[in-house]
Amino acid sequence: MRILKDQDVVPFRNRVKEKATKIKMGLVNQTKLITAASELVRNMLKYANGGEIIIEVVSKGRENGVRLTFKDKGPGITDISLAMKDGYSTGKSLGLGLPGTKRLVSEFDLKSEVGKGTTVVIIKWANG
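Just so we're clear, the structure is a prediction, and the values are computed from it rather than from any experiment. (Residues numbered from 1 in each chain as written. Predicted model: local features only at pLDDT ≥ 70, side-chain atom pairs only at ≥ 80, totals over all residues. Heavy atoms only, no water.)

Caption draft 1: Geometry of the sheet that holds strand β5 (residues 117-125). In space, the five strands of this open sheet follow the order β1-β2-β3-β5-β4, with antiparallel pairing throughout. Looking at which strands have only one partner, the edges of the open sheet turn out to be β1 (2-3) and β4 (107-113). When β1 meets strand β2 (residues 51-60), the two strands line up antiparallel, connected through two bridges. Bridge pairing in β2 links I3 to G51. (Pairing = 2+ DSSP bridges. Helix = DSSP H or I, 4+ residues; strand = E, 2+ residues; numbered from the N terminus.)

What follows is the structure in structure tokens.
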């Protein structure tokens, strides 16, 4: 799913909710997943003028989850460890985005190359 403008965010959030509902994810975990996804999609729009998101249902044993892969071709993140610290922001925000997102999901992976872009993969398991 391509995200190029603010108007793409609501349909994206709806698709995430559909997948979460499909695997019978509880409301609290759905809310955490959608909040994390919203933060990442806003970052993608703000810092990289959009990008692409893959929404998948994944399984690990008997556990089901939703995996979201955010890929952009933006400027990249110069210092990932700094970007993952609470309170750090390159914009005029509270700096809770990336570390806050990581706390909301079950699995979080961020890879970035300066001048080439950033890929963030998150997974929220239905029961955790």
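Caption draft 2: Examining helix α2 (residues 27-48) more closely. In this model, α2 (22 residues) spans 31 Å end to end at C-alpha, consistent with the 32 Å of a helix rising 1.5 Å per residue. Inspection of α2 places N29, Q30, L33, I34, A36, A37, S38, L40, V41, M44, L45 and A48 among the buried residues, and these make up the whole buried set. For α2, the secondary structure elements touched by its buried residues are β1, α1 (9-22), β2, β3 (63-72), α4 (97-104) and β5. Immediately downstream of α2, the backbone of N49 shows phi near 55 degrees, a positive value. (Expected span 1.5 Å × (residues − 1). Buried < 20%, exposed > 50% of the residue type's maximum accessible area, 1.4 Å probe, protein only. Contact = heavy atoms within 4.5 Å.)

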